[in-house]
Amino acid sequence: MEQVHKAGFVNIIGNPNVGKSTLMNAFVGEKLSIITSKAQTTRHRILGIVNGDDFQMILSDTPGIIKPAYELQSSMMDFVKSAFEDADVLLYMVEIGEKALKDEAFFEKIKNSKIPVLLLLNKVDTATQELLEEQVQYWQEMLPNVELHPISALSNFNIKGVFERIIELMPNSPAYYPKDQLTDKPERFFVNETIREKILLNYKKEIPYAVEIETEEFFEDEDIIRMRAVIMVERDSQKGIIIGHKGAALKRVGIEARKDLEKFFGKQVHIELYVKVNKNWRSDSRQLKRFGYNK
């Protein structure tokens, strides 16, 4: 008997910071999406691909759902809208104690979804049994058509169960991507994201959100990868903060990023970082397009 092969697009949606990237990385087993404790770290839809002998799961981690305040954010919300359009299975992630999406229209979409929706109640390891039961009841009333699974993405609780359930729900289909591929993003994308993660971790206030990274050079030799990346900010004052006293802050970002990238690429990395002022790029649709936000 011929073995049935399943393949499907599985899109993860939810408010900022509920653990979407952590879940995706638990599935993929590689650090694909940046994970930090600050909201709004995932700006693009990232595809992570999980391959088995008889399945291919294509996961898309979307930016957290927010009411857009400026051009960059509205193009981020377009990524979320498209998550509804091309999914075979939708994962709607909420955390314990959360009551509803910040956007009514999205909620309606989930209610009326024609595709299977799994509601993943995340961070259950932080809740009492009583709170958990109350939350399960609340969501079952709110979204009666949705299958509910309590999980903890961080401590891997019930992840395997959800994973197997998704495979059951995926359509029979040949693979969409080569079986050895982990993601649809180019290598430079991960360099950019890794540097941006370090900036999120090392700087406060609005700095991380005013930053865009562009990897301008990426040369790979047998035993070393040499890369050069530009950190773009919107104002001169931000440039000073990023560089820090005698360049110390920028140096720290470089060292931390290099360590992660060496793990990611499995070889030695040499990285040069520069900082450049690019006035008001977040409000400039031409620039946003260049950075891959407006399709």
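It should be noted that the structure appears before, not after, this text.
Notes on the structure in this doc start here. (Residues numbered from 1 in each chain as written. Predicted model: local features only at pLDDT ≥ 70, side-chain atom pairs only at ≥ 80, totals over all residues. Heavy atoms only, no water.)

## Observations concerning the packing of helix H7 (residues 236–243) against helix H8 (residues 248–265)
Heads up, the condition is: Only the contacting stretch of a helix is used when fitting its axis, a line to C-alpha atoms as for every element, and angles between N-to-C directions run 0 to 180 degrees. Each helix corresponds to a stretch of at least 4 residues labelled H or I by DSSP, and each strand to a stretch of at least 2 residues labelled E; elements are numbered beginning at the N terminus. In this analysis, two residues are considered to be in contact whenever any of their non-hydrogen atoms come within 4.5 Å of each other.
Interhelical geometry of H7 versus H8 gives an angle of 65° and a closest axis separation of 5 Å. Contact residues: H7 offers Ile241, Ile242 and Ile243, while H8 offers Ala248, Ala249 and Leu250.

## Brief notes about the environment of Ala229
Rule in force here: A simple rule labels every residue: compare its accessible area, found with a 1.4 Å probe on the protein chains alone, to the largest value its type can have, and call it buried under 20%, exposed over 50%, or partly exposed in between.
Within the secondary structure, Ala229 is located in strand E8 (residues 224–233). What makes Ala229 buried here is its relative accessible area of 0%. C-alpha of Ala229 to C-alpha of Thr215: the two residues are 14 residues apart in sequence and 4.1 Å apart in space. Setting aside its immediate chain neighbours within four residues, Ala229 contacts Ile195, Ile213, Glu214, Thr215, Glu216, Glu272, Leu273 and Tyr274.

## Notes on the sheet that holds strand E7 (residues 212–220)
Rules: In this description, strands pair whenever DSSP reports at least two bridges between them.
Strand order across the open sheet formed by three strands is E7-E8-E9, with mixed pairing between neighbours. The outermost strands of the open sheet, each flanked by one partner alone, are E7 and strand E9 (268–277). Mean inter-strand twist for the sheet, computed between neighbouring axes without regard to direction, equals 15°. Summarising the sheet, E8 and E9 pair through ten bridges and their orientation is parallel. Bridged to Ile231 within E9 is Val275.

## Observations concerning the environment of His5
Mapping His5 onto the fold places it in the segment before strand E1 (6–14). By relative accessible area, His5 is classed as buried at 19%. Sequence separation of His5 and Ser173 is 168 residues, and the distance between their C-alpha atoms is 5.9 Å. Other than its neighbours up to four places away in sequence, His5 contacts Asp53, Asp54, Phe55, Gln56, Pro171, Asn172, Ser173, Pro174, Ala175 and Lys179.

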